[in-house]
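# Descriptive structure summary
The chain contents come next:
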Amino acid sequence: MAEPTPDRLRLQELIEEATVDCYDEEEEMTGLWTMIEENVICPFRARVAGEIVTVTGFVWTPNSRGFMAHCERNGQRYQVDLHSLEWSEPRPAGFEWIEAYFEWQKGGF
């Protein structure tokens, strides 16, 4: 088995920080959600289906299967799955928490 890369080790540290006292998957989601909500700075620009949008925040309801982004484009507001965002440089402050969430979803830890 290959050694984890430094980036992957950092994601593992973040996941452990967010889920340290969690007993099940729902509590882990809550821990990760809290870290995203507290650390990812909005607004920032991203793309959805190739179109530039402004991400103004995030939403999660415990019954959903994941986190959604609040987006605005041309005066219209949308909610899109976090996986639908095409991230551009520079990444928003706190982006590593979103990466940790994506890694946690893969079940790699």
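Residues numbered from 1 in each chain as written. Predicted model: local features only at pLDDT ≥ 70, side-chain atom pairs only at ≥ 80, totals over all residues. Heavy atoms only, no water.

## So, the overall build of the protein
This is how it is decided: Helix and strand definitions here come from DSSP, where helices need a minimum of 4 consecutive H or I residues and strands a minimum of 2 consecutive E residues; each element is numbered from the N-terminal end. Only protein chains enter the accessibility calculation, which uses a 1.4 Å probe. A residue is then buried if its area is under 20% of the maximum for its type, exposed if over 50%, and partly exposed in between. Note on contacts: a residue pair is in contact if any heavy atoms of the two residues lie within 4.5 Å. Surface accessibility in these figures is a Shrake-Rupley result with a 1.4 Å probe; residues are shielded only by whichever protein chains are displayed.
Along its length, the protein carries 3 helices and 5 strands. Taken from the N to the C terminus, the helices and strands of the protein come in the order α-α-β-β-β-β-β-α. Sorting the 109 residues of the protein into buried and exposed places 34% on the buried side. A separation of at least 24 residues holds for 47% of the contacts in the protein among residues at least 6 apart in sequence. Accessible area for the protein stands at about 7,100 Å²; split by element, carbon and sulfur atoms hold 47% of it.

## Details of the environment of I98
By the element assignment, I98 lies in helix α3 (residues 95-106). For the pair I98 and N39, spaced 59 residues apart in sequence, the C-alpha to C-alpha distance is 9.6 Å. When near neighbours in sequence (up to four residues on either side) are disregarded, I98 contacts I36, V40, F58, L82 and W87.

## Concerning the packing of aromatic side chains
Let me state the cut-off plainly: When the centres of two rings from Phe, Tyr and Trp lie within 6.5 Å, Trp using its six-membered ring, the rings pair. Their planes under 30 degrees apart give stacked, over 60 give edge-to-face, and anything left gives tilted. By definition here, charges over rings are those cases where NZ of Lys or CZ of Arg is within 6 Å of the ring centre and within 35 degrees of the ring normal.
Counted under the stated rule, the structure contains 9 aromatic pairs. For the pair F44 and F58, a centre-to-centre distance of 6.3 Å together with 35 degrees between the ring planes defines the contact as tilted. Linking F44 in strand β1 (residues 44-48) with F58 in strand β2 (residues 51-59), this pair joins segments that are 14 residues apart in sequence. As far as the burial class goes, F44 and F58 line up, both buried. Ring-pair connections join several aromatic residues into one group, and the members of that group are W33, W60, F67, Y101, F102 and W104. Over the aromatic face of F95 sits the side chain of R91, whose NZ or CZ is 5.1 Å from the ring centroid.

## Overview of the environment of A100
Note on placement: A100 falls in helix α3. In this structure A100 comes out as buried when scored by relative accessible area, which is 0%. When the C-alpha atoms of A100 and E13 are compared, they prove to be 8.9 Å apart, with 87 residues separating the residues in sequence. For A100, the residues in contact, after removing those within four places along its chain, are L11, L14 and I15.

## Quick notes on the pattern of salt bridges
Filter applied, for reference: Salt bridges, as used here, are contacts in which a Lys or Arg side-chain nitrogen is within 4 Å of a carboxyl oxygen on Asp or Glu.
Inspection of every chain in the model, using the stated rule, returns 7 salt bridges. With a shortest N-O distance of 3.4 Å, R10 and E13 are connected by a salt bridge. Of this pair, R10 and E13 both sit in helix α1 (residues 6-19), 3 residues apart, which is roughly one turn of that helix. We classify E13 as partly exposed; its relative accessible area is 45%. A salt bridge links E72 to R77; its shortest N-O distance comes to 3.5 Å. A relative accessible area of 31% places E72 in the partly exposed class. One network of salt bridges, with partners in common, ties together R8, E103 and K106.

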